[in-house]
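Observations on the three-dimensional arrangement
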Amino acid sequence: MYARVIVDISHTQVDRVFEYKIPDGLNILPGMRVKVPFGHMKDTEGIVIGLEASSEYAPEKIKEILCSLDDFCALTGEQIGLAEFIKQKYNTTLAAALRFMLPAQVRGGRVSVKTQNVARLLLAGKDLLAAEAGLLKKDGSVKFPRQKEVLDLLKKEGEVPAAELNASATKSLEKKGIIEVVRTEVARAPFEKAVARIVDYELTERQKEILERIRSNGKKRFLLHGVTGSGKTEIYIRVMRDCLAQGKTAILLVPEISLTPQTYTFLKQRFNEEIAVFHSGLSAGERFDEWMKVKRGEAKIVLGARSAVFAPLENLGVIIIDEEHETSYKADNYPKYTAHEIAEERCRLSDAILILGSATPQIETYYKARQGEFEILKMPNRLFALQLPAVEIIDLCNELKNGNRTAISGRLYDELERTLANGKQAMLFLNRRGYSTFVMCRSCGYVVKCDSCDVTMTYHKAQDILKCHYCGRTKAPETVCPECGKPHLKYFGMGTQQIEEQVKALFPQARILRMDLDTMGTKDAHIRVFDDFAGHKADILIGTQMIAKGFDFKDVTLSAILAADTMLNIPDYRSAERTFCHITQIAGRAGRKEPGTVILQTYNPAHYAVQYAKYHDYEGFYNEEIALRKMAQLPPFSTYVQLQFSGEREEQVIAAVKDFIGKLKAVLLPHKRGIISIRASEAAIKRIRDLERYHILIHLRNDEGLIGQIYELFNRTKYMNVLTGIDINPVNMA
């Protein structure tokens, strides 16, 4: 018998199947991890993707598998099929695609099962009573008090970690044959707190109708378009429960790890089943244990961020992508996969249901749904007859005319004062962290920039440092301009730190929490902030986009966007869409249990994204936005391909770009009608981490064949000392 193996080396030159002989007595199945000899390496990890009864190669030329690394199949047949899809869709190697299915901690054996010694009773009944009597003196007093304490604890608890017991007493009891100390596996659980169960509530008529559509529709692709607070999560719960009742499994994706504890708590309140959690905030050991929990079949529900779409569940029944509009569902590193596309293919392979949920679906998603690729299920009303919060637009130009140069408008101040007086909570959103966004000399115009990146450094007052938000480099702030020598350096712009300072000055009695990348740097920081705000240990939560996504706090009656223009003026065709989504999502945090208010501060009050968001009018916004995109031939009516080039020496990068442009034009010349434009330029941020960055942006009419030809050219073209990458419809167009 022969095994078809993919070696765990992500390089195009070895991106093919290798055959190995299976030694007698070694049980090998598809999906198993194995060690094989490869080239000059004595042993290399690989994945068996298939078996063959015979080989076309001479037996003496075929090497043998050395051993299997596990006694189970690490990958399912469905996952291997999914890896093949990823290889083709995202122009990567099969080895790289298979790595998505395995935690990095599993590969190379960097993490294994955690074990500890536990003590437990060996005796019971009369034998145990006799053993206890042996610990007493003739007069009935305790002869061995420490041994008695250990024995009493074990009688109560059953099992106790040996490290928590008196070592001498434990050893003595073990010698007497009363207890035993054994090595057992310990699960590293990401969330340990107990969760009280709650009973189901009566579904609304609309929720019942939607559930019936999902249960009876053979299409199995749904867009759940419901306003914030309309009860979409309850639909998710009931669909997952249906799947479990049929012996199937479920995946629920959320866009941020900050949402995971809230969603986990909600799921634990409703399900008795074990729930596995997958996200980047887990420790190496926790990630390994959660993966093993799924592999053993102990968890039928997987909750997590983007990477949870690869969880090794078998007999999959549903994948749900909540807040499907979020850009965090697209991978940051190569290959830049999109969770939606992976989920669609996985559902196709397993004949599972796919549900995309959002109050503000992506324009591309809603367009597909309008074309019939998804069934649209609408939930236009909030639960319990609650109204969507009123949105007030504050023109910041008028605030400046009135002499207010703070981030808090007069109207917002009044609402904050009223909210605090009523014992309620507020959420303030600003999509900039730090204290001041840049430092400039007022005499000569010099701006402090990072030495490694072509970006301004942000001032962080709490640490009194300047920090680059791209490479992490820091330096102490200066008092004298290094260019002109004058002491006229001034801090400009506002970040969340400065907002926190201003709010504290205005409302000294208020308890304030801040949620941004600077405060979320420690493990489980997001859990602590969530628990504290949910428990009303704070009155005001200030944050970046982290707080815009799905949080449900019953006492929040006021939410505010302090500067909508930071999103509106991004040089990207999706800036209006992102502005509309952020305003709508932030607005949705208020008034979840009682009427709420939203304050929207902007210098562009007449912009169509702002006006449609004021009235929570997604349909109106979509109709205007899709008409503009069709007129300008923008996605979904076209496709962008971004080719990225970077290197330490700018002249080498430029030479590579020019060479590739020449090759590209030759390849695309016969297909002029399919090309809208080709543009080469330096990246908006020209240098990051000491690498000079340029890109080629190709704007195509929708044509998979042309993209395939670009991939083919990209794969066979390499440059010395220049890194290259390719991305389809990139999240960041700059």
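Below or above, wherever it landed, is the structure these notes cover. (Residues numbered from 1 in each chain as written. Predicted model: local features only at pLDDT ≥ 70, side-chain atom pairs only at ≥ 80, totals over all residues. Heavy atoms only, no water.)

What follows covers helix α20 (residues 650-668). Taking 1.5 Å per residue as the helical rise, α20 with its 19 residues ought to reach 27 Å, and the 27 Å between its terminal C-alpha atoms agrees with that figure. When α20 is considered as a whole, its buried residues turn out to be Val653, Ala656, Val657, Phe660, Ile661, Leu664, Val667 and Leu668. Looking straight down α20, one finds its buried side chains confined to an arc of 140 degrees; they lie on one side. Residues of α20 that are exposed and point over 90 degrees away from its buried face: Lys658 and Ala666. (Helix = DSSP H or I, 4+ residues; strand = E, 2+ residues; numbered from the N terminus. Expected span 1.5 Å × (residues − 1). Buried < 20%, exposed > 50% of the residue type's maximum accessible area, 1.4 Å probe, protein only. Arc of directions from axis to C-beta.)

Take the sheet that holds strand β1 (residues 2-7) next. Within the open sheet, the 5 strands sit side by side as β2-β1-β4-β3-β5. Their pairing is antiparallel. In this open sheet, the two edge strands, each paired with only one partner strand, are β2 (18-21) and β5 (67-68). Pairing of β1 with β2 involves 4 bridges; the strand directions are antiparallel. Residue Ala3 lies in a different strand from β2, and its bridge partner there is Tyr20. (Pairing = 2+ DSSP bridges.)

What follows deals with the sheet that holds strand β28 (residues 675-688). The strands making up a sheet associate through hydrogen bonds between their backbones, and the pairing can be parallel or antiparallel. An order of β28-β29-β27-β30 is seen for the 4 strands of this open sheet, with the pairing classed as antiparallel. Pairing within the sheet leaves two strands with one partner each, and these edge strands are β28 and β30 (723-728). Mean inter-strand twist for the sheet, computed between neighbouring axes without regard to direction, equals 20 degrees. Here β28 runs beside strand β29 (residues 691-701); their pairing, made up of 9 bridges, is antiparallel. Of the residues in β29, the one forming a bridge with Ser677 is His699. Across the sheet, α20 lies against β27 (638-647), β28 and β29, angled at about 15 degrees from β29, the strand it touches most. Those strands touched by helix α21 (residues 704-716) are β27, β29 and β30, and its axis lies near 170 degrees from that of β30. (Axes fitted to C-alpha atoms, helices over the stretch in contact; angles between N-to-C directions. Contact = heavy atoms within 4.5 Å.)

Once that is clear, we can look at the environment of Ile198. Mapped onto the fold, Ile198 is located in the loop between β8 (179-186) and α6 (205-216). Using a relative accessible area of 38% as the deciding quantity, one classes Ile198 as partly exposed. Considered as a pair, Ile198 and Arg270 are 72 residues apart in the sequence and their alpha carbons are 6.4 Å apart. Apart from the residues lying within four places of it in its own chain, the contact partners of Ile198 are Gln269 and Arg270.

Turning to the pairing of β27, a few remarks are in order. Burial analysis of β27 places 10 of its 10 residues in the buried class, the great majority of the element. Here β27 shows no split at all, with Ser638, Tyr640, Gln642, Gln644 and Ser646 on one side and Thr639, Val641, Leu643, Phe645 and Gly647 on the other all buried. As judged from the 10 bridges shared by β27 and β29, these two strands associate in the antiparallel manner. What sits directly across from Gln642, in β29, is Leu697. Examined bridge by bridge, β27 and β30 share 6 bridges and lie antiparallel to one another. Paired with Gln642 across the strands is Asp727, a residue of β30.

Right, let's get into empty space enclosed by the protein. The full count for this structure, using the stated rule, is 2 cavities of 30 Å³ or more. Together, Ile6, Val7, Asp8, Glu45, Gly46, Ile47, Ala95, Leu98, Arg99, Leu102 and Arg107 line the largest cavity. Those elements giving two or more residues to the lining of the largest cavity turn out to be β1, β4 (41-52) and α2 (94-99). The calculated volume of the second largest cavity comes to roughly 50 Å³. (1 Å grid on protein atoms, 1.4 Å probe; cavity = no way out; pocket = protein on both sides within 12 Å on 5 of 7 lines; lining within 4 Å. Points joined across faces, edges and corners; volume = space filled by probe spheres on them.)

Here we come to the side chain of Asn404. With respect to the helices and strands, Asn404 occurs in the loop between α12 (396-401) and α13 (410-421). Within the structure, the side chain of Asn404 is placed 2.8 Å from the side chain of Glu399, a separation counted as a polar contact. A polar atom in the side chain of Asn404 sits 2.8 Å from the side chain of Thr406. (Polar contact = N/O pair within 3.5 Å; in protein donor to acceptor, adjacent residues only side chain to side chain.)

Taken as a whole, the second largest pocket holds about 1100 Å³ of empty space. Lining the second largest pocket are 44 residues, with Gln262, Phe266, Asp552, Arg592 and Lys593 positioned closest to its centre. By residue number, the principal contributor to the lining of the second largest pocket is helix α8 (residues 260-270), which donates 6 residues.

Under the definition given, this model contains 18 aromatic pairs. What links up through ring pairs into an aromatic cluster is the set Tyr366, Phe580, Tyr608, Tyr618, Phe621 and Tyr622. A cation over an aromatic ring shows up here: Arg241 above the ring of Phe271, its NZ or CZ 5.8 Å from the ring centre. Cation over ring: Lys336 sits above Tyr334, and NZ or CZ is 5.1 Å from the ring centre. (Phe/Tyr/Trp six-rings, centres within 6.5 Å; stacked < 30°, edge-to-face > 60°. Lys NZ or Arg CZ within 6 Å of the ring centre and 35° of its normal.)

The next thing to look at is the pattern of salt bridges. Tallied over the entire structure, the rule returns 53 salt bridges. Put simply, Arg120 and Glu159 hold a salt bridge, and the shortest N to O gap is 3.1 Å. Of this pair, Arg120 sits in strand β6 (residues 114-121) while Glu159 is found in strand β7 (residues 159-161), placing the two residues 39 residues apart along the sequence. For Arg213, the salt bridge identified is with Glu375, shortest N-O distance 2.9 Å. Of this pair, Arg213 sits in helix α6 while Glu375 sits in strand β15 (residues 375-379), placing them 162 residues apart in sequence. (Salt bridge = Lys/Arg side-chain N within 4 Å of Asp/Glu carboxyl O.)

To continue, consider the packing of helix α11 (residues 363-370) against helix α19 (residues 618-632). Between α11 and α19, whose axes approach to 11 Å, the crossing angle comes to 95 degrees. In terms of orientation, α11 and α19 fall into the roughly perpendicular class. Contacts between α11 and α19 involve Ile363, Glu364, Tyr366, Tyr367 and Arg370 from the first element and Tyr618, Glu619, Phe621, Tyr622, Asn623, Glu625, Ile626 and Arg629 from the second. For the contact of α11 with α19, a count of residues per class yields 7 nonpolar, 1 polar and 5 charged. (Parallel < 35°, antiparallel > 145°, perpendicular 65-115°, else oblique. Nonpolar A, V, L, I, M, F, W, Y, C, P; charged D, E, K, R; others polar.)

A few words now on a nonpolar patch on the surface. On the surface, Met1, Leu29 and Leu51 cluster together into a nonpolar patch covering about 250 Å² of accessible area. With respect to the helices and strands, Leu51 occurs in strand β4. (Patch = residues over 30% accessible without salt bridge, like charges linked within 9 Å, V, L, I, M, F, W, Y side chains within 5 Å. Areas by Shrake-Rupley, 256 points an atom, 1.4 Å probe, with all protein chains shown as cover.)

In this section: the nonpolar core. Within the largest apolar cluster, 117 residues are counted, with the highest numbers of intra-cluster contacts made by Met240 and Ile355. In terms of residue count, helix α7 (residues 232-245) provides more of this core than any other element does, 7 residues in total. In contact with Ile355, not counting residues within four places along its chain, are Ile214, Phe222, Leu224, Tyr236, Val239, Val318, Ile319, Ile320 and Ile321. One finds Val657, Ile707, Tyr711 and Val722 within the second-largest nonpolar core, a separate group that totals 25 residues. (Core = buried A, V, L, I, M, F, W, Y, C linked by side-chain atoms within 4.5 Å.)

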